[in-house]
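Remarks on the overall topology
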Amino acid sequence: MAQPLASPAVQAPVDVTVLTTAALPWRTGPSLFSLWHAGGLAALGHRVAYGLPWLDARSQMRLWGEVLFSTPQQQADWTRDEAQRLGVPALPEIFFFKGVFSRTAFSIFITQDAFAAAPPSRTFLVQEPEHFGWLPFKSARNRPGVEKILGIVMTNYGSYIRRPGNPVRAAFADFVEWRHKKLMRKHADVIVPLSPALDLAGVEDLVQWQQVTGVLDAFAQVPPLRDDQHGVYFLGRLTWDKGLQWVIDSAKRLNLPMDVYGDGPDQDAIRRRANQQNAPLRFCGPSASPWEVIANYRVFFNPSVSEVLCTTTAEALVAGRHVVIPNCPANRPFFDLPNVHVYDHPDQADTLLEQALGAPTAPAEQARNRFNWEKVCQSVAEMLGLKHS
């Protein structure tokens, strides 16, 4: 059963509460990572509660274009079914706290004290701890009986804000980064960044480097590449900051057909630009089961430099595909893995795409071991100080 909003008194104490700033069916990093963290920690025998933001009908319309859930219980039931479909261990108790979706920021703003909405908890695992303080609502740092709060930092907000190159936006980005560091310190004892792409100067004393994300097992079940198999794809949110212009340019220069999966606020503009440049791109829409569609391709082209850690790149490597990616801090966790082709300048991507299409494919065991969710959850439990049950 999903607990009603703001009713922590009736909930039993737990070892760890997992909090996230986004929930399925919005397929974003916090929603997918938290799903496995909640189910995986529960599968290890720990008492777990899973906290999700609840969006009212107006916010659901803004985010999904329709009202999908009339009650929190409906969303909880759907989330359990979806976790099972994704191969995630059975989810623990689910509770909700209030949030609103902003189309302008394309983010969910938390409007209730999520920590207070949680049951009594020994520890907290918080996706994007800085995000819980965007609005000036009460969310006290310390809770009676809480031994540790572990925050996972995964979004480079400063990069997104600076992208247009406007000096005013750059100044605002500096303020946002300063404020986020204050919120990280307020809401976490330890923060784990997903890669070196984040500027964490000033909170170095909180930082611990550890593998805290994985890849769904379904990607390891994708059939291996055949020697005669070709094809290039992009999969991700369709915004210009994900490098879609470079996808268009390479496809045009090489006259190389590429399939694009995903949706996003810039999707119409990206389609128009591709048509204007006569780039051989096919837009296939989003996929709820990406492991099924990438079976048809040999190469994943991901030119984005705005990520902190790109999960779709990890998924492609676990599936035994080649990846062509830029040399940037967010991609450093991939550089030592096989089937990775790294370029220093966008103009070099064309050559690497052609090389990847003809290169032999090495076994994917190293990537599968690194992004194994069961091992990740064991590591997270150790960081939280939870003994294996």
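Our subject in this report is the structure included herewith. (Residues numbered from 1 in each chain as written. Predicted model: local features only at pLDDT ≥ 70, side-chain atom pairs only at ≥ 80, totals over all residues. Heavy atoms only, no water.)

1. With respect to the packing of helix H1 (residues 29-43) against helix H14 (residues 373-384)
Two elements in contact, H1 and H14, have axes separated by 9 Å at closest approach and are oriented at 75°. Between H1 and H14, the angle falls in the class roughly perpendicular. Of H14, the residues touching H1 (which contributes Phe33, Trp36, His37, Gly40 and Leu41) are Trp373, Glu374, Val376, Cys377, Val380 and Ala381. (Axes fitted to C-alpha atoms, helices over the stretch in contact; angles between N-to-C directions. Helix = DSSP H or I, 4+ residues; strand = E, 2+ residues; numbered from the N terminus. Parallel < 35°, antiparallel > 145°, perpendicular 65-115°, else oblique. Contact = heavy atoms within 4.5 Å.)

2. As for the environment of Arg122
Structurally, Arg122 can be placed in strand E6 (residues 121-127). Arg122 gets classed as partly exposed once you look at its relative accessible area, which sits at 26%. A sequence separation of 24 residues divides Arg122 from Val146, and the C-alpha atoms of the two residues are 4.7 Å apart. Leaving out residues up to four positions away in the same chain, Arg122 has contacts with Val14, Asp15, Gly145, Val146, Glu147, Lys148, Gly385 and Leu386. (Buried < 20%, exposed > 50% of the residue type's maximum accessible area, 1.4 Å probe, protein only.)

3. Here we look at the pattern of salt bridges
It is possible for side chains of opposite charge to pair when their charged atoms get near one another. Within the structure shown, the criterion is met by 10 salt bridges. The shortest N-O distance in the salt bridge between Asp350 and Arg253 comes to 2.6 Å. Taken as a pair, Asp350 in helix H12 (residues 349-358) and Arg253 in helix H8 (residues 244-254) lie far apart in primary sequence, 97 residues in all. Classification of Asp350 by relative accessible area gives buried; the value is 10%. Three or more residues joined by partner-sharing salt bridges are found here, namely Asp15, Arg47, Arg122 and Glu147. (Salt bridge = Lys/Arg side-chain N within 4 Å of Asp/Glu carboxyl O.)

4. Thoughts on the pairing of strand E8 (residues 190-193)
A two-sided burial pattern is seen for E8, the buried positions comprising Val190 and Val192 on one face and Ile191 and Pro193 on the other. In this structure, strand E7 (residues 148-153) lies alongside E8, joined through 4 bridges in parallel fashion. The residue bridging Leu150 from the neighbouring strand is Val190, located in E8. (Pairing = 2+ DSSP bridges.)

5. A word on the nonpolar core
The biggest cluster of nonpolar side chains holds 94 residues, and the ones touching the most others in it are Leu19, Leu41, Leu125 and Phe334. Apart from residues no more than four positions distant in its own chain, Leu125 is found in contact with Val16, Thr17, Val18, Leu19, His37, Leu41, Leu150, Ile152, Val380 and Leu384. The next biggest cluster of nonpolar side chains, apart from the first, holds 24 residues, and it includes Leu244, Met258, Leu352 and Leu353. (Core = buried A, V, L, I, M, F, W, Y, C linked by side-chain atoms within 4.5 Å.)

6. Here we look at the pairing of strand E3 (residues 48-55)
Two faces, one strand: in a regular strand the side chains alternate between the faces of the sheet. Counting buried positions along E3 gives 8 out of 8 residues, so the element sits mostly inside the fold. Here E3 shows a buried face lined by Val48, Tyr50, Leu52 and Trp54 and a second buried face lined by Ala49, Gly51, Pro53 and Leu55. In the sheet, strand E2 (residues 14-19) pairs with E3 via 4 bridges, with the strands oriented parallel. Of the residues in E3, the one forming a bridge with Val18 is Tyr50. For the crossover from E2 across H1 to E3, the handedness is right-handed. (Right-handed = clockwise from strand over helix to strand, strands pointing away.)

7. What about the side chain of His341?
Among the structural elements, His341 can be located in strand E14 (residues 340-343). Among the residues examined, His341 registers a relative accessible area of 14% and is labelled buried. When near neighbours in sequence (up to four residues on either side) are disregarded, His341 contacts His322, Val323, Val324, Ile325, Leu352, Ala356 and Ala359.

8. Points about helix H2 (residues 57-64)
Three or four residues apart is the spacing at which side chains of an α-helix point the same way, because the helix has 3.6 residues per turn. Of all the positions in H2, only Ser59, Gln60, Leu63 and Trp64 are classed as buried. Buried residues in H2, looked at end-on, bunch into an arc of 105°, giving them a common side. Among the structural elements, E3 and strand E4 (93-102) are those in contact with the buried residues of H2. Trailing H2 by a residue or two, Gly65 shows a phi angle of about 80°, which is positive. (Arc of directions from axis to C-beta.)

9. Things to note about the sheet that holds strand E9 (residues 232-235)
Read from one edge to the other, the open sheet built from 6 strands follows the order E11-E10-E9-E12-E13-E14, with strand pairing classed as parallel. At either margin of the open sheet sits one strand with a lone partner, and together these are strand E11 (281-285) and E14. Across the sheet, the mean angle separating the axes of adjacent strands is 25° when strand polarity is ignored. Of the pairings in the sheet, the one linking E9 to strand E12 (residues 299-301) comprises 2 bridges and is parallel in character. For Val232, the partnering residue across the bridge sits in E12 and is Val299. Across the face of the sheet, helix H11 (residues 311-318) comes into contact with E9, E12, strand E13 (322-326) and E14 while running at roughly 150° to E13.

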